[in-house]
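# Remarks on the overall topology
The lines below spell out each chain.
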Amino acid sequence: MASTAPAPAIDLLAPASFASGQPHDQFAWLREHDPVHWHPEGDEDRGFWAVTRYADVKAVGRDAGTYSSVPSIMIPDGAALDAGDHQMMLTMDPPRHTAYRRLVAPEFIPRAARAMRPRIDELARRIVDGAVERGGTCDLVADVAGLMPSYVIADMLGIPHEDGVALYELTEAIHAAPESQAPGAGMAAILQMFNYAREVWEQRRAEPADDLATTIAFAQVDGDELDLIDFNLFFLLLVDAGGDTTRNLVAGGMDALFAHPDQRAWLAADLDGRLATAVEELLRWVSPVVYMRRTATSDTTLAGTAVAAGDKVVMYYGSANRDPEAFGPTADQLDLARTPNEHVAFGGGGPHFCLGAHIARAEIHALLRELLTRLPDLSPAGPTEWLPSTFISGPKHLPVRLAR
Ligand code: HEM
């Protein structure tokens, strides 16, 4: 039955729409009334198609021939890092994308992620130890959740943990809206990141080690060795992609558990038996990546709407993950026991499907397990502040009290 609720103002480019999480009222209206919605972007002439239904998000993500990742997966064209004819794997199409992804894929497959679990469990223990030692209150985002992905990618690349944390801070400056920081700060952060990456490249080329940085430093595509710019772009992508996504899932997941004490109690009653299923529901619920953009390569039709070659087409994962057509009448409820749960938090299953999904799950599982076991009285110590971002969703600050 069509709802009679008044239409909310639709503005998916306004940080204010994301000020307290994703704009689910706007998404619900769009799914029901205008699932492939022409959304203005800046001036009158520009715009993009906002795709909000689960089936359409999957269809776009899986059809890289019609919906290209070149030149950018962000809505503004200028947001892509300009590195001449070099690109990040995330903004390549097959077959080039396939060749680049193949270089690093063995480090991310389920077997590799399983082998990393004891180390990830140990990191989770250490991170929660740190919080417990400090005692009192802390910021779950910066002091707990954010450390795990920085440590894990540092381990994988073979660099010190402190450097992983510092590099991650640089990615935040790279992504921050220019008006939110000092002029030139974004470019300075890119240069610092690339200077660091160059040192790693030089060290590994001189003295190969058993790590992912060495794999990339010696990788070849079609018989040609990758160059320093390729290495830098890979390095930036790896530091970046798993950082705030995983952090936001853990912090956003805890925020959801605070808001749903009955669900938290259900989970705590059999943590080991229920956590894996619960993590999938928290991924669906939080959906840390708000969207990925594609660009139509030819005139086409999406769910009955004509899309022209060159149009931007934007997949809203957070909306797809609340689509009642896919998740039934309880789509807008948190149900940690939900199965099946074919959410699209890691993408809709196309060629760019999150490379780090298995590692991310291991990180999230380990940290939530440690938090919920060691700190059963963990509770909010103030209001959650959300990231004012239209691209990545999650708490910016989540003050917590460690014990009653
Ligand atoms: C909760 C945590 C995470 C979420 C929600 C997430 C989500 C995503 C999404 C939505 C995409 C794009 C999918 C598409 O376009 O079809 C993606 C790509 C990617 N992710 Fe993740 N991610 C997470 C954690 C990680 C981690 C921990 C790593 C690395 C250790 C990682 C590495 C990557 C890479 C390298 C890509 C690009 C893949 C490609 O272009 O082929 N991600 N991720």
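In this report, we go over the structure that sits alongside the text. (Residues numbered from 1 in each chain as written. Predicted model: local features only at pLDDT ≥ 70, side-chain atom pairs only at ≥ 80, totals over all residues. Heavy atoms only, no water.)

With that settled, the discussion passes to empty space enclosed by the protein. Under the counting rule described, the total for this entry stands at 1 cavity of 30 Å³ or more. Put simply, the largest cavity is a space of about 50 Å³. As for the largest cavity, its lining consists of Gln 87, Met 88, Met 89, Met 92, Tyr 100, Asp 230, Leu 233, Phe 234 and Leu 237. Counting residues per element, the lining of the largest cavity draws most heavily on helix α10 (residues 228–241), which supplies 4 residues. Counted by class, the lining of the largest cavity contains 7 nonpolar, 1 polar and 1 charged residues. (1 Å grid on protein atoms, 1.4 Å probe; cavity = no way out; pocket = protein on both sides within 12 Å on 5 of 7 lines; lining within 4 Å. Points joined across faces, edges and corners; volume = space filled by probe spheres on them. Helix = DSSP H or I, 4+ residues; strand = E, 2+ residues; numbered from the N terminus. Nonpolar A, V, L, I, M, F, W, Y, C, P; charged D, E, K, R; others polar.)

A few words on the sheet that holds strand β10 (residues 312–316). On the basis of which strands lie adjacent, the open sheet formed by 5 strands has the order β1-β2-β10-β7-β3 and mixed pairing. The outermost strands of the open sheet, each flanked by one partner alone, are β1 (36–40) and β3 (67–68). Pairing of β3 with strand β7 (residues 291–296) involves 2 bridges; the strand directions are antiparallel. What sits directly across from Tyr 67, in β7, is Ala 296. Against the sheet, helix α2 (residues 54–62) touches β1, β2 (47–51), β3, β7 and β10, its axis set at about 125° to β10. (Pairing = 2+ DSSP bridges. Contact = heavy atoms within 4.5 Å. Axes fitted to C-alpha atoms, helices over the stretch in contact; angles between N-to-C directions.)

Moving on, we get to the coordination of the iron atom of the ligand. For the iron atom of the ligand, the protein contributes exactly one donor atom, Cys 354 (SG), at 2.3 Å. Of note, Cys 354 is situated in the loop between α15 (324–327) and α16 (357–374). (Donors = N, O, S within 2.8 Å, 3.2 Å for Na, K, Ca; no water.)

Scanning the model with the defined rule gives 16 salt bridges in all. With a shortest N-O distance of 3.3 Å, Glu 122 and Arg 119 are connected by a salt bridge. Highlighted residues: Glu 122 and Arg 119, both in helix α4 (residues 110–134), separated by 3 residues, approximately one helical turn. With a shortest N-O distance of 3.6 Å, Arg 198 and Glu 202 are connected by a salt bridge. Taken together, the residues Arg 198 and Glu 202, both in helix α8 (residues 185–206) and 4 residues apart, mark about one turn of the helix. Residues participating in the shared-partner salt-bridge network are Glu 41, Arg 46, Asp 77, Arg 293 and Lys 312. (Salt bridge = Lys/Arg side-chain N within 4 Å of Asp/Glu carboxyl O.)

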